[in-house]
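Each chain is listed here by its residues.
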Amino acid sequence: MSNDEIFAAAYREHYWAVSRYVARRLDGRTGEVEEVVAEVFTVAWRRRADLPAAPLPWLYGVARNCLANAVRGYGRRRRLLDRLGNDDTAHGRHVVASPGSERPGAWVHEALARLSPGDQEVLRLTAWEELGVDEVAVVLGCGRRAAAMRLHRARGRLRAEIDRLRPPAAGALPEEHRHG
């Protein structure tokens, strides 16, 4: 198979997986998702001779880099708009939270958001993208042992944040009353 055919097969097989990977990280900003995915496959086309036999983790690594560039660009645009005064409050749009508007398990998402970007990414790669440690290592550009250690540590930090934020169970005694 030629490099062009290998690229075409990777594109057909993994386009939607890469799109979902990017969309979950851009939280629904559809126009940006399409731009980032296009950039991922542009890079893959340019480097089609380097595509590995199992290209998905490699494509996730490229997507990770493209996302970093897109997020930096988004931040620059947002800061510019803020300086120009073109924000929601300037146009009289206010978001008001209503009772019950919190999503179920929102505290879990809040705990994840409190982690470093690196911890968030390694956890998302295993939970959202369902990658194994070997594949996570490819995406992160590190060895298997380093990826396993990053995952282990990130899980521990997430557990600690969840414990800190988790709503107490109904009828549970406060910590100081449990021991005596």
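Worth saying up front: this structure is predicted, and the values here are computed from it rather than measured.

Criteria and thresholds
- Residues numbered from 1 in each chain as written.
- Predicted model: local features only at pLDDT ≥ 70, side-chain atom pairs only at ≥ 80, totals over all residues.
- Heavy atoms only, no water.
- Helix = DSSP H or I, 4+ residues; strand = E, 2+ residues; numbered from the N terminus.
- Buried < 20%, exposed > 50% of the residue type's maximum accessible area, 1.4 Å probe, protein only.
- Contact = heavy atoms within 4.5 Å.
- Areas by Shrake-Rupley, 256 points an atom, 1.4 Å probe, with all protein chains shown as cover.
- Axes fitted to C-alpha atoms, helices over the stretch in contact; angles between N-to-C directions.
- Parallel < 35°, antiparallel > 145°, perpendicular 65-115°, else oblique.
- Nonpolar A, V, L, I, M, F, W, Y, C, P; charged D, E, K, R; others polar.
- Core = buried A, V, L, I, M, F, W, Y, C linked by side-chain atoms within 4.5 Å.
- Phe/Tyr/Trp six-rings, centres within 6.5 Å; stacked < 30°, edge-to-face > 60°.
- Lys NZ or Arg CZ within 6 Å of the ring centre and 35° of its normal.

**Student:** Help me out: how do you make sense of the overall build of the protein in this one?
**Tutor:** Helix and strand content of the protein: eight helices and zero strands. The order of helices and strands in the protein, counted from the N terminus, is α-α-α-α-α-α-α-α. Residues classed as buried in the protein amount to 32% of the 180 residues present. In the protein, once contacts between residues fewer than 6 apart in sequence are set aside, the share between residues at least 24 apart is 64%. For the protein, the exposed surface amounts to about 12,100 Å²; the carbon and sulfur share of it is 53%.

**Student:** What's the story with the packing of helix H5 (residues 117–127) against helix H7 (residues 144–165) in this structure? I'm lost.
**Tutor:** Packed helix pairs are characterised by how far apart their axes lie and by the angle those axes make with each other. Between H5 and H7, the shortest axis-to-axis distance is 9 Å and the interhelical angle comes to 100°. If you check the angle between H5 and H7, you find them roughly perpendicular. In this structure, H5 uses Asp119, Val122, Leu123 and Thr126 to contact H7, whose residues at the interface are Ala147, Arg150, Leu151, Ala154, Arg155, Arg157 and Leu158. Of the residues in the contact of H5 with H7, the class split is six nonpolar, one polar and four charged.

**Student:** Looking at this structure, I do not really get the nonpolar core. What am I missing?
**Tutor:** The nonpolar side chains of a soluble globular protein tend to be buried, and buried together. Counting residues in each nonpolar core, the largest one holds 41 residues, and the members touching the most others are Val18, Val22, Val36, Val40, Phe41 and Leu123. Broken down by secondary-structure element, the contributors of at least two residues to this core are helix H1 (3–26), helix H2 (30–46), helix H3 (55–84), helix H4 (106–113), H5, helix H6 (133–140) and H7. Of the residues forming this core, the biggest block, nine residues, is contributed by H3. With sequence-adjacent residues up to four places away left out, phenylalanine 41 is seen in contact with Phe7, Ala10, Tyr11, His14, Tyr15, Val18 and Leu59.

**Student:** What is the right way to read unusual backbone geometry from this model?
**Tutor:** Most peptide bonds take the trans form, and the phi angle of most residues other than glycine is negative. Of note in the backbone geometry, glutamate 130 takes a positive phi value of approximately 55° without being a glycine. In this structure, glutamate 130 sits in the loop between H5 and H6. A relative accessible area of 66% places glutamate 130 in the exposed class.

**Student:** So what exactly am I meant to see when it comes to the packing of aromatic side chains here?
**Tutor:** What describes a pair of aromatic rings is the distance from one ring centre to the other and the angle between the planes of the rings. Tallied over the full model, the rule gives eight aromatic pairs. Aromatic ring contacts, followed pair by pair, group Phe7, Tyr11, Tyr15, Trp16, Phe41 and Trp45 into a single cluster. Directly above the aromatic system of tyrosine 21 lies the positively charged group of arginine 25, at a separation of 3.7 Å from the ring centroid.

**Student:** Would you take a moment to explain the environment of tryptophan 45 for this structure?
**Tutor:** Checked against the element boundaries, tryptophan 45 lands in helix H2. Taking the relative accessible area as the measure of exposure, tryptophan 45 reaches 36% and is therefore partly exposed. When the C-alpha atoms of tryptophan 45 and aspartate 4 are compared, they prove to be 8.1 Å apart, with 41 residues separating the residues in sequence. Those residues within four positions of tryptophan 45 in sequence are excluded, and the remaining contacts are Asp4 and Phe7.

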